[in-house]
Each structure stands twice: as C-alpha cells, then as structure tokens.
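# Residue-level structure breakdown
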Amino acid sequence: MDYEALRDAWASNASNPSAAASAYVVAEAQATLAKRRAHLRRLLVFAGVMLTVPLALMGLDIVTGQADPIDLAREWGLIPFALIPFVALGLIATRAAPQGAPAGTLLETFRALRADNTAARLRIFIIGGAMIAFAPLLYVLLNQLVATGKMAPHEMQSAAFVLGGALGVSALWMIVKLVTRLAPERRHIDALIAQYEAD
C-alpha cells in the first residue's frame with residue numbers, strides 16, 4: 001500500500017479530497033485488503049493441510065503399529081507438539097483474520113486498514129507465543145525419542161540445531177516484519193485517521 005499516495009490524496013484540496021481522489025484511496029485500499037486476505041486464506045489452507053497430513057500419519061501409526069509403534073506413555077510430548085500448531089491456526093482463523101471491507105468512505109477505509117494491521121500484528125504474537133511454547137517442548141520430545149531408542153544422541157543434537165535454528169530464523173523474520181513494515185504502516189494509518197477526525 002502506497003501510504004505516501006494516500007496522504008497526498010487526502011491532503012488535496014486542503015484536506016477535503018475530491019471525489020476522484022477519494023475513490024482512488026478507497027479503491028487502492030480495497031484492492032490491498034482483498035489481496036492480503038486472499039493470501040491469508042491460502043496460507044491457512046496450506047498450513048491446515050501440512051499439519052493434518054503428519055497428524056493423520058501419526059494416528060495411523062498408533063492404530064496399526066506397522067512402521068514404528070508410538071508409545072504415548074513414553075512419547076507424550078508428541079500430543080502437545082501436534083496440538084499447539086492447530087491451536088495457533090484456530091486462533092489466527094477466528095481472532096486474527098479481519099472480515100469485511102471498507103464501505104466507501106475515507107474514514108471507514110482508514111479504519112479497515114488499521115483493523116487489518118492490528119490483525120497482522122496479532123498473528124505475529126500468536127505465532128510467537130506458539131514458538132515460545134514449542135522451544136522447551138521440542139527439548140522434551142527429542143529426549144523422549146532418545147529414551148525410546150528412536151533417535152541416537154548425536155542425531156538429537158543435529159535435530160535440535162536444525163529445528164532450533166528454524167525457530168530462531170522464523171522469530172527473527174517476524175520481528176523484522178513487525179518493525180520494518182507493520183509498525184510504520186500503523187503510524188501512517190493512525191496519522192491519517194487523526195488528521196481526518198481533526199478536520
């Protein structure tokens with residue numbers, strides 16, 4: 001979203017933009033929000049599939065025991081390890097996926113953009129919370145796999161390094177996104193709303 005263009009459109013005619021300028025702002029916002037929400041829906045579907053497939057395979061393994069039987073009494077860490085992502089996905093789908101679209105006025109458009117920004121920030125906090133819960137659980141689960149003989153100690157170290165590194169990189173990416181995109185975007189939107197309401 002080009003917030004410089006939004007500000008210029010709003011500033012036209014002494015903070016009383018023409019119908020054409022207003023229509024441009026609303027159309028740009030609607031296109032941006034529609035694109036973001038479609039992208040979020042695709043991500044949620046993809047994440048749901050990626051989480052369901054291994055969980056289904058794990059359930060099949062528990063029922064049949066054909067490949068490598070899972071003893072939940074000794075490998076109980078698998079249960080929260082499998083459920084935490086679903087909880088996070090459910091929270092994102094129900095609490096952090098804004099609905100609706102701006103109805104046409106500039107103020108409603110700016111507020112819709114602010115709601116979208118708020119939802120994006122909430123998604124980061126939900127995912128971050130899930131990752132914080134994952135870190136100690138990962139350590140517990142890897143130790144359980146070693147204790148049951150399904151993983152050698154040196155393999156545990158490699159897995160901890162790879163998975164821990166993936167968590168660290170993901171956390172860094174989310175922090176960068178929050179600081180470099182979402183926080184500046186929120187400041188721009190708040191400034192536009194404040195200017196609109198002041199006039």
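Residues numbered from 1 in each chain as written. Predicted model: local features only at pLDDT ≥ 70, side-chain atom pairs only at ≥ 80, totals over all residues. Heavy atoms only, no water.

Secondary structure summary: the protein contains five helices and zero strands in total. Long-range pairs, those at least 24 residues apart, make up 78% of the contacts in the protein with a sequence separation of at least 6. When the accessible surface of the protein is summed, it comes to about 11600 Å², and 67% of that surface belongs to carbon and sulfur atoms. (Helix = DSSP H or I, 4+ residues; strand = E, 2+ residues; numbered from the N terminus. Contact = heavy atoms within 4.5 Å. Areas by Shrake-Rupley, 256 points an atom, 1.4 Å probe, with all protein chains shown as cover.)

Throughout the structure, instances matching the rule amount to one aromatic pair. Here the aromatic rings of Phe81 and Phe134 are separated by 4.7 Å at their centres, their planes lie at 70°, and the arrangement is edge-to-face. One end of the pair, Phe81, is in helix 3 (residues 78-95); the other, Phe134, is in helix 4 (residues 106-147), with 53 residues separating them in the sequence. (Phe/Tyr/Trp six-rings, centres within 6.5 Å; stacked < 30°, edge-to-face > 60°.)

Another aspect to go through is the packing of helix 3 against helix 4. The axes of two packed helices give the description: the angle between them and the distance between them. For the pair helix 3 and helix 4, interaxial distance at closest approach is 10 Å and the crossing angle is 180°. Accordingly, the angle class assigned to the pair helix 3 and helix 4 is roughly antiparallel. Contacts between helix 3 and helix 4 involve Leu78, Pro80, Phe81, Ile84, Pro85, Ala88, Leu91, Ile92 and Arg95 from the former and Leu122, Arg123, Ile126, Ile127, Ala130, Ala133, Phe134, Leu137, Leu138 and Leu141 from the latter. Here the residues of the contact of helix 3 with helix 4 sort into 17 nonpolar, no polar and two charged. (Axes fitted to C-alpha atoms, helices over the stretch in contact; angles between N-to-C directions. Parallel < 35°, antiparallel > 145°, perpendicular 65-115°, else oblique. Nonpolar A, V, L, I, M, F, W, Y, C, P; charged D, E, K, R; others polar.)

This paragraph deals with the packing of helix 4 against helix 5 (residues 153-198). The geometry of helix 4 relative to helix 5 is characterised by a closest axis approach of 9 Å and an angle of 165° between their N-to-C directions. Taken together, the axes of helix 4 and helix 5 are roughly antiparallel relative to one another. Crossing geometry of helix 4 relative to helix 5 is assigned as left-handed. Class assignment for the residues of the contact of helix 4 with helix 5 results in 30 nonpolar, six polar and eight charged. (Left-handed = near helix turned anticlockwise from the far one by under 90°.)

Counting across every chain of the model gives six salt bridges. Glu185 serves as the salt-bridge partner of Arg36, at 2.7 Å between the closest nitrogen and oxygen. Of the two residues, Arg36 sits in helix 2 (residues 19-64) while Glu185 sits in helix 5, which places them 149 residues apart along the sequence. In this structure Arg36 comes out as partly exposed when scored by relative accessible area, which is 21%. Between Arg181 and Glu185 there is a salt bridge, with its nearest N and O atoms 3.7 Å apart. On the criterion of helical spacing, the pair formed by Arg181 and Glu185 is a turn pair, its members being four residues apart in helix 5. (Salt bridge = Lys/Arg side-chain N within 4 Å of Asp/Glu carboxyl O. Buried < 20%, exposed > 50% of the residue type's maximum accessible area, 1.4 Å probe, protein only.)

As a further point, take the environment of Thr148. Tracing the backbone shows Thr148 in the loop between helix 4 and helix 5. In this structure, the C-alpha to C-alpha distance between Thr148 and Asp71, residues 77 residues apart in sequence, is 8.7 Å. Polar side-chain contacts of Thr148 include one of 3.1 Å to the backbone oxygen of Leu145. (Polar contact = N/O pair within 3.5 Å; in protein donor to acceptor, adjacent residues only side chain to side chain.)

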